[in-house]
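Here's the letter readout for the chains.
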Amino acid sequence: MMMQGKLRENYKKDFPEGALSGDDYFSGYLKKRGRDFFRTVKKRYFVIRNNFLVYFKSEAESGKGHPVGAFSCKLLVNVIAERKEISLVFASGFTQYLEAPDKSSALKWKYHILKHKHVQKLKQEKKRKRLKEIKRKIAGAMKSSIMLRRNLSSVRGRKEREYVDDFLYSEEKTAVL
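For clarity, every value in this text was computed on a predicted model and none was experimentally measured.

What counts, and at which threshold
- Residues numbered from 1 in each chain as written.
- Predicted model: local features only at pLDDT ≥ 70, side-chain atom pairs only at ≥ 80, totals over all residues.
- Heavy atoms only, no water.
- Helix = DSSP H or I, 4+ residues; strand = E, 2+ residues; numbered from the N terminus.
- Buried < 20%, exposed > 50% of the residue type's maximum accessible area, 1.4 Å probe, protein only.
- Contact = heavy atoms within 4.5 Å.
- Areas by Shrake-Rupley, 256 points an atom, 1.4 Å probe, with all protein chains shown as cover.
- Phe/Tyr/Trp six-rings, centres within 6.5 Å; stacked < 30°, edge-to-face > 60°.
- Lys NZ or Arg CZ within 6 Å of the ring centre and 35° of its normal.
- Lys, Arg positive; Asp, Glu negative; His and termini not counted.
- Salt bridge = Lys/Arg side-chain N within 4 Å of Asp/Glu carboxyl O.

Draft legend 1. Structural view of the overall build of the chain. The secondary structure content of the chain amounts to five helices and seven strands. For the chain, the N- to C-terminal ordering of α and β elements is α-α-β-β-β-α-β-β-β-β-α-α. For the chain, the proportion of its 177 residues judged to be buried stands at 31%. Put simply, 43% of the contacts in the chain that link residues at least 6 apart link residues at least 24 apart. Entry remark: accessible area of the chain is about 12800 Å², with carbon and sulfur atoms responsible for 54%.

Here it is as C-alpha coordinates:
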(Lines give C-alpha, C1' and ligand atoms only; values in the text may rest on other atoms or scores of the structure.)
Protein backbone atom coordinates (compact mmCIF):
# COMPACT_ATOMS: atom_id res chain seq x y z
CA MET A 1 0.00 0.00 0.00
CA MET A 2 1.83 3.06 -1.25
CA MET A 3 0.75 6.33 0.36
CA GLN A 4 3.23 8.61 -1.31
CA GLY A 5 5.94 8.53 -3.88
CA LYS A 6 6.72 9.22 -7.48
CA LEU A 7 4.13 8.47 -10.08
CA ARG A 8 4.74 5.49 -12.31
CA GLU A 9 2.97 4.56 -15.52
CA ASN A 10 0.63 2.25 -13.59
CA TYR A 11 -0.26 4.99 -11.08
CA LYS A 12 -3.72 3.53 -10.43
CA LYS A 13 -2.10 0.51 -8.79
CA ASP A 14 -0.01 2.73 -6.51
CA PHE A 15 -2.80 4.85 -5.08
CA PRO A 16 -5.89 3.75 -3.16
CA GLU A 17 -9.26 4.18 -4.87
CA GLY A 18 -10.27 6.98 -2.47
CA ALA A 19 -7.25 9.08 -3.41
CA LEU A 20 -8.03 8.93 -7.12
CA SER A 21 -11.76 9.66 -7.10
CA GLY A 22 -14.37 11.45 -5.03
CA ASP A 23 -15.39 14.97 -4.16
CA ASP A 24 -12.73 17.53 -3.30
CA TYR A 25 -13.24 18.76 0.26
CA PHE A 26 -10.60 21.52 0.25
CA SER A 27 -7.85 22.43 -2.20
CA GLY A 28 -5.09 24.90 -2.92
CA TYR A 29 -1.38 25.38 -3.56
CA LEU A 30 1.22 24.54 -0.92
CA LYS A 31 4.97 24.09 -1.04
CA LYS A 32 6.12 20.58 -0.17
CA ARG A 33 9.53 19.90 1.25
CA GLY A 34 11.15 16.82 -0.31
CA ARG A 35 12.66 13.89 1.55
CA ASP A 36 15.87 13.92 -0.48
CA PHE A 37 19.27 15.05 0.80
CA PHE A 38 18.88 18.62 -0.46
CA ARG A 39 15.34 19.04 0.95
CA THR A 40 14.06 20.55 -2.29
CA VAL A 41 10.87 22.58 -2.04
CA LYS A 42 8.29 22.24 -4.81
CA LYS A 43 4.99 23.99 -5.28
CA ARG A 44 2.16 21.44 -5.50
CA TYR A 45 -1.61 21.58 -5.77
CA PHE A 46 -3.10 19.78 -2.74
CA VAL A 47 -6.61 18.35 -2.45
CA ILE A 48 -8.32 16.79 0.57
CA ARG A 49 -10.59 13.97 -0.59
CA ASN A 50 -11.87 10.70 0.91
CA ASN A 51 -9.54 10.82 3.92
CA PHE A 52 -6.46 11.46 1.75
CA LEU A 53 -4.32 14.52 1.20
CA VAL A 54 -3.53 14.12 -2.49
CA TYR A 55 -1.09 16.34 -4.38
CA PHE A 56 -0.61 17.13 -8.06
CA LYS A 57 1.90 19.09 -10.08
CA SER A 58 -0.75 21.68 -10.94
CA GLU A 59 -4.47 22.38 -10.73
CA ALA A 60 -4.85 21.26 -14.36
CA GLU A 61 -3.33 17.87 -13.50
CA SER A 62 -5.85 17.44 -10.67
CA GLY A 63 -8.65 17.60 -13.24
CA LYS A 64 -7.03 14.75 -15.16
CA GLY A 65 -6.72 12.65 -12.01
CA HIS A 66 -2.98 11.99 -12.18
CA PRO A 67 -1.62 12.54 -8.64
CA VAL A 68 2.06 12.78 -7.82
CA GLY A 69 1.48 11.47 -4.29
CA ALA A 70 -0.96 11.06 -1.44
CA PHE A 71 -0.96 11.00 2.35
CA SER A 72 -3.55 9.11 4.37
CA CYS A 73 -5.35 11.29 6.92
CA LYS A 74 -6.13 8.11 8.91
CA LEU A 75 -2.43 7.76 9.71
CA LEU A 76 -2.06 11.36 10.88
CA VAL A 77 -1.31 11.74 14.57
CA ASN A 78 -0.99 15.51 14.67
CA VAL A 79 -1.12 18.58 12.44
CA ILE A 80 0.96 21.54 13.60
CA ALA A 81 0.69 25.00 12.02
CA GLU A 82 3.40 27.49 13.03
CA ARG A 83 3.71 30.68 11.04
CA LYS A 84 3.44 29.58 7.40
CA GLU A 85 4.66 26.02 8.00
CA ILE A 86 2.38 23.00 8.39
CA SER A 87 3.82 19.83 9.90
CA LEU A 88 1.99 16.57 9.30
CA VAL A 89 3.06 14.04 11.93
CA PHE A 90 2.24 10.41 11.06
CA ALA A 91 1.91 7.34 13.29
CA SER A 92 5.13 5.90 11.84
CA GLY A 93 7.08 8.88 13.20
CA PHE A 94 7.53 10.45 9.77
CA THR A 95 6.88 14.21 9.56
CA GLN A 96 6.01 15.92 6.27
CA TYR A 97 6.59 19.65 6.08
CA LEU A 98 4.40 21.88 3.93
CA GLU A 99 4.46 25.64 3.51
CA ALA A 100 1.38 27.80 2.95
CA PRO A 101 1.42 31.28 1.38
CA ASP A 102 0.65 32.91 4.75
CA LYS A 103 -0.17 32.13 8.39
CA SER A 104 -3.97 32.35 7.97
CA SER A 105 -4.01 29.86 5.09
CA ALA A 106 -1.76 27.51 7.13
CA LEU A 107 -4.33 27.62 9.93
CA LYS A 108 -7.15 27.00 7.40
CA TRP A 109 -5.35 23.93 6.06
CA LYS A 110 -4.82 22.61 9.59
CA TYR A 111 -8.49 23.16 10.41
CA HIS A 112 -9.75 21.48 7.22
CA ILE A 113 -7.39 18.49 7.49
CA LEU A 114 -8.40 17.83 11.11
CA LYS A 115 -12.09 18.47 10.44
CA HIS A 116 -12.10 16.12 7.44
CA LYS A 117 -10.30 13.45 9.45
CA HIS A 118 -12.88 13.80 12.25
CA VAL A 119 -15.85 13.70 9.85
CA GLN A 120 -14.47 10.57 8.16
CA LYS A 121 -13.95 8.95 11.56
CA LEU A 122 -17.57 9.70 12.51
CA LYS A 123 -18.77 8.20 9.22
CA GLN A 124 -16.74 5.04 9.90
CA GLU A 125 -18.17 4.75 13.43
CA LYS A 126 -21.68 5.21 12.09
CA LYS A 127 -21.05 2.52 9.47
CA ARG A 128 -19.67 0.15 12.16
CA LYS A 129 -22.74 0.74 14.35
CA ARG A 130 -25.03 0.04 11.41
CA LEU A 131 -23.18 -3.19 10.64
CA LYS A 132 -23.37 -4.26 14.29
CA GLU A 133 -27.10 -3.57 14.31
CA ILE A 134 -27.59 -5.60 11.12
CA LYS A 135 -25.54 -8.47 12.56
CA ARG A 136 -27.60 -8.31 15.76
CA LYS A 137 -30.84 -8.43 13.75
CA ILE A 138 -29.58 -11.36 11.69
CA ALA A 139 -28.50 -13.19 14.84
CA GLY A 140 -31.91 -12.50 16.39
CA ALA A 141 -33.69 -13.73 13.28
CA MET A 142 -31.56 -16.87 13.21
CA LYS A 143 -32.20 -17.46 16.90
CA SER A 144 -35.96 -17.02 16.45
CA SER A 145 -35.98 -19.33 13.41
CA ILE A 146 -34.12 -21.99 15.43
CA MET A 147 -36.64 -21.59 18.26
CA LEU A 148 -39.47 -21.80 15.74
CA ARG A 149 -38.03 -25.01 14.27
CA ARG A 150 -37.68 -26.51 17.76
CA ASN A 151 -41.26 -25.56 18.61
CA LEU A 152 -42.55 -27.01 15.34
CA SER A 153 -40.67 -30.24 15.84
CA SER A 154 -42.00 -30.58 19.38
CA VAL A 155 -45.54 -29.84 18.15
CA ARG A 156 -45.12 -32.43 15.38
CA GLY A 157 -43.89 -34.93 17.94
CA ARG A 158 -46.94 -34.32 20.14
CA LYS A 159 -49.29 -34.63 17.19
CA GLU A 160 -47.67 -37.89 16.12
CA ARG A 161 -48.02 -39.23 19.68
CA GLU A 162 -51.67 -38.18 19.77
CA TYR A 163 -52.20 -39.84 16.38
CA VAL A 164 -50.58 -43.01 17.70
CA ASP A 165 -52.74 -42.81 20.85
CA ASP A 166 -55.90 -42.73 18.78
CA PHE A 167 -55.23 -45.73 16.58
CA LEU A 168 -53.18 -48.20 18.65
CA TYR A 169 -54.05 -50.54 21.47
CA SER A 170 -52.26 -50.07 24.78
CA GLU A 171 -49.74 -52.91 24.16
CA GLU A 172 -48.84 -51.48 20.76
CA LYS A 173 -48.39 -47.99 22.20
CA THR A 174 -45.66 -49.13 24.58
CA ALA A 175 -43.84 -50.88 21.76
CA VAL A 176 -43.93 -47.81 19.49
CA LEU A 177 -43.27 -45.17 22.13
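From this point, the narrative continues.
Draft legend 2. Broad picture of the packing of aromatic side chains. Taken as a whole, this structure holds six aromatic pairs when the rule is applied. Taking the centre distance of 5.3 Å and the plane angle of 35° together, the rings of F46 and Y55 count as tilted. Comparing F46 with Y55, the two get one shared label, buried. An angle of 25° between the planes, with centres 5.6 Å apart, marks the rings of Y55 and F71 as stacked. Taken together, the residues Y55 in strand β3 (residues 52-56) and F71 in strand β4 (residues 69-72) connect sequence positions 16 residues apart. Taken as a pair, Y55 and F71 share a single burial class, namely buried. In this structure an aromatic cluster arises from ring pairing among F46, Y55, F71, F90 and F94. Of note, K43 hangs over the ring of Y29, and the distance from its end group to the ring centre comes to 4.9 Å.

Draft legend 3. Fine view of the side chain of R44. Along the polypeptide, R44 turns up in strand β2 (residues 41-49). Despite its burial, R44 pairs with no opposite charge; the closest candidate is E61, at 9.4 Å N-O. Excluding its chain neighbours within four sequence positions, the residues that come into contact with R44 are G28, Y29, L30, K32, Y55, F56 and K57.

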